[in-house]
Every structure is written in C-alpha cells, then in structure tokens.
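Here is what each chain is made of, one letter per residue.
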Amino acid sequence: VQLQASGGGLVQAGGSLRLSCVASGITFSDYAMGWFCQAPGKEREFVAAISWGRDLTYYTDSVKGRFTISKDNAKNTVYLQMNSLKPEDTAVYYCALGFFYPKSYSWYSRDYDYWGQGTLVTVSS
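Residues numbered from 1 in each chain as written. Predicted model: local features only at pLDDT ≥ 70, side-chain atom pairs only at ≥ 80, totals over all residues. Heavy atoms only, no water.

1. Describing the overall build of the chain
- Along the chain, the regular secondary structure elements total zero helices and 11 strands.
- Computed over the C-alpha atoms, the radius of gyration of the chain is 13 Å, within 12% of the 14 Å expected from 2.2 N^0.38 for a compact globule of 125 residues.
- Every one of the 125 residues in the chain was classed for burial, and the buried ones make up 42%.
- Summing over all exposed atoms, the chain offers an accessible surface of approximately 6400 Å²; the carbon and sulfur share of this is 46%.
- Of the charged side chains in the chain, 11 are positive and 10 negative; the average position of the first set lies 4 Å away from that of the second. (Helix = DSSP H or I, 4+ residues; strand = E, 2+ residues; numbered from the N terminus. Rg over C-alpha atoms; globule rule 2.2 N^0.38 Å. Buried < 20%, exposed > 50% of the residue type's maximum accessible area, 1.4 Å probe, protein only. Areas by Shrake-Rupley, 256 points an atom, 1.4 Å probe, with all protein chains shown as cover. Lys, Arg positive; Asp, Glu negative; His and termini not counted. Charge placed at Lys NZ, Arg CZ, Asp CG, Glu CD.)

Written out as structure tokens, the structure reads:
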C-alpha cells in the first residue's frame, strides 16, 4: 500500500489550498482516510477523517467550517479542501489510511495503518 500526498505550498492568510492523497495497492473504498498535521516541535494532530460506508466526515474543532474532506473512490483519492487559511494552520500535512468498522474513524494517529509522505502547508500573515 502506498499513499502519495500533494498540493501543499505557500499561501497568504485567508487563501485556499486543496491537498490530494492518492492510494495504491488497496481497495480504497473499504477503508477510512484521515488527514493529520504536524507543526515544528509539536505532536502530530488529527485534522479530519472520512469513514467508509456512508462517507461520514469528522473534523477537529479548529478547522470546522473551513476545511472539507472528501474522496473519490474511482480515483482512489482523498482530498482536503482548506479555505480561510490561518498562519496557525502552517504544518506538514499527512494523509493516513485506517482499518476501521464502517462509519468509524479514529482521532489517534497510532490507529492508522498506512501513511503518506507529508506535504508542507505554509500560511503567511
């Protein structure tokens, strides 16, 4: 299984970015996908997740209303649309795949089984 994340970059505060993560080597539609972020000197933190079986979505409070997670099973791709970006969103963003029950996800990075390489998002003030 391989996850390839892309879409990071430098953006001004208030701007938008869309991250993508393509999965290969697995039946993508049967697994939950998550996005996590890690700022310098900090722990990796949960950002958003989308379950399999009804594609339920979950977000950490700080991104609710600004970020949207979605997926395209035909393209084996999960997206993170990031709007109204703030300097505090600056971090490396990782996609992750987890083996959970339908309509489930996890807040904890340790529960995910495969990880992408990360893509850097820098938001300038």
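2. A closer look at the layout of surface pockets
- Roughly 250 Å³ of internal volume is contained in the largest pocket.
- In this structure, the largest pocket is lined by 18 residues; those nearest its centre are Cys-37, Glu-45, Ser-62, Glu-88 and Asp-89.
- Those elements that place two or more of their residues in the lining of the largest pocket are strand 4 (32-38), strand 5 (45-50) and strand 9 (91-98).
- In terms of residues, the lining of the largest pocket owes the most to one element, strand 5, which gives three residues.
- Class assignment of the residues belonging to the lining of the largest pocket gives a composition of eight nonpolar, four polar and six charged. (1 Å grid on protein atoms, 1.4 Å probe; cavity = no way out; pocket = protein on both sides within 12 Å on 5 of 7 lines; lining within 4 Å. Points joined across faces, edges and corners; volume = space filled by probe spheres on them. Nonpolar A, V, L, I, M, F, W, Y, C, P; charged D, E, K, R; others polar.)

3. A closer look at the environment of Ser-24
- Positionally, Ser-24 belongs in strand 3 (residues 17-24).
- For Ser-24, a relative accessible area of 34% puts it in the partly exposed group.
- Apart from the residues lying within four places of it in its own chain, the contact partners of Ser-24 are Val-1 and Gln-2. (Contact = heavy atoms within 4.5 Å.)

Scope: geometric values only; no functional claims are made or implied.
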